[in-house]
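Single-letter residue listing:
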Amino acid sequence: MKKDIKKTNAMRMLDKANVPYEVMEYEYDENDLDGHHVAEFFGTAYEEVFKTLVTKGASGEYYVYCLSVDSEIDLKKAAAVAGEKRVEMIHVKELLPLTGYIRGGCSPVGMKKKFKTFFDEMIELIDVIYVSGGQRGVQLKLAPKDLLEYTEGVVADFTA
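Attention here is on the structure that accompanies the text. Numbers given to residues run from 1 along each chain, matching the order in which its sequence is written. Given that this is a predicted model, residues contribute local features only at a pLDDT of at least 70 and side-chain atom pairs are listed and counted only at 80 or more, while totals for whole chains, interfaces and linings are drawn from all residues. Processing note: side-chain calculations cover all non-hydrogen atoms of the structure and skip hydrogens and water entirely.

Here the focus is the sheet that holds strand β7 (residues 138-142). Strand order across the open sheet formed by three strands is β1-β7-β6, with antiparallel pairing between neighbours. The strands lining the two open edges of the sheet, one partner per strand, are β1 (22-25) and β6 (129-132). For this sheet, the mean inter-axis angle between neighbouring strands, taken without regard to orientation, is 35°. A pair of strands is considered paired only if DSSP assigns at least 2 bridges between the two. In this text, helices come from DSSP runs of H or I with a minimum length of four residues, and strands from runs of E with a minimum of two, each type numbered from the N-terminal end. In the sheet, β1 pairs with β7 via four bridges, with the strands oriented antiparallel. From the neighbouring strand, E25 faces β7, where its bridge partner is V138. Here the axes come from fitting lines to C-alpha atoms, over the contacting stretch only for helices, and the angles between their N-to-C directions go from 0 to 180 degrees.

Listed below in structure tokens is the structure:
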């Protein structure tokens, strides 16, 4: 592993909170940012690698959903767990100004503002989770309980 990784906002925030994590670098392709390649690169199960999706509710509130790269979000279920009539994915051009992150590098840790964050129930069945480190090519490997506690995440069923 290279030693010249710049600390991302996610790393700085976890450091400040004394949350243990491991920085994992991987090679990525601009045209293939679906997350399956991350699991394959590290030789881990798809269920351990989580993607971070950002939505906007009918009320105008934003919500973050973290789920396995092998799962799909069910927007009706996602709205129900958020107490909204409906939620929709934000447009990719809104991601950077809203969160401070780009597509393929969006972490549930260290966004510009704290949003209510939901984690798929799968998180309760795994011992280690990989989430974006805040930039493409960097994942953070940590204990699910630590991530849930830090983000004040809610475990819910919102997958298809």
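In this section: the pairing of β6. In the sheet, β6 pairs with β7 via four bridges, with the strands oriented antiparallel. Within β7, the residue paired with S132 across the bridge is Q139. If you look at the hairpin formed by β6 and β7, you'll find five residues sitting between the two strands, and G134 has a positive phi there, around 105°.

A pair of Phe, Tyr and Trp rings is counted when the ring centres sit within 6.5 Å of each other, with Trp represented by its six-membered ring. The angle between the planes then sorts it: under 30 degrees is stacked, over 60 is edge-to-face, the rest tilted. Counted under the stated rule, the structure contains eight aromatic pairs. Look at Y26 and F42: their rings are 6.2 Å apart centre to centre, the planes differ by 80°, and that puts the pair in the edge-to-face class. Of the two residues, Y26 is situated in the loop between β1 and α2 (36-42) and F42 in helix α2; the sequence distance between them amounts to 16 residues. The same class applies to Y26 as to F42, namely buried. For the ring pair F41 and F42, a centre distance of 5.4 Å and an interplane angle of 85° mean the geometry is edge-to-face. Think of it in three bands: with a 1.4 Å probe and only protein chains considered, a residue is buried below 20% of the maximum accessible area for its type, exposed above 50%, and partly exposed in between. Among the residues examined, F42 registers a relative accessible area of 19% and is labelled buried. Three or more aromatic residues joined by ring pairs make a cluster, and in this case those are Y26, Y28, F41, F42 and Y130.

Let us look at the pairing of strand β3 (residues 62-68). Of all seven residues in β3, six are buried; the element is thus mostly enclosed. Counted between consecutive antiparallel strands, the loop separating strand β2 (residues 50-57) from β3 contains four residues, among which G60 sits at a positive phi close to 100°. Bridge analysis of β3 against strand β5 (residues 116-120) gives four bridges, and the strand direction is parallel. Within the sheet, the bridge partner assigned to V64 lies in β5 and is T117.

So, about helix α3 (residues 75-82). Residues of α3 that are buried: A78, A79 and A82. Looking straight down α3, one finds its buried side chains confined to an arc of 100°; they lie on one side. The exposed residues of α3 that point more than 90 degrees off its buried face are K76 and A80. In what follows, residue pairs with any heavy atoms lying within 4.5 Å of each other are defined as contacts. Where α3 is buried, its residues meet β3, β4 (87-89) and β5. Residues adjacent in sequence count toward polar contacts only when both atoms are side-chain atoms; beyond that, a polar contact is any pair of N or O atoms within 3.5 Å, and within protein one must be able to donate a hydrogen and the other to accept it. Residue D74 occupies the N-cap position of α3, its side-chain oxygen lying 3.0 Å from the main-chain nitrogen of K76. Downstream of α3 by one or two residues, G83 has phi in the positive range, about 75°. Here the arc refers to the set of directions running from the helix axis out to each C-beta atom.

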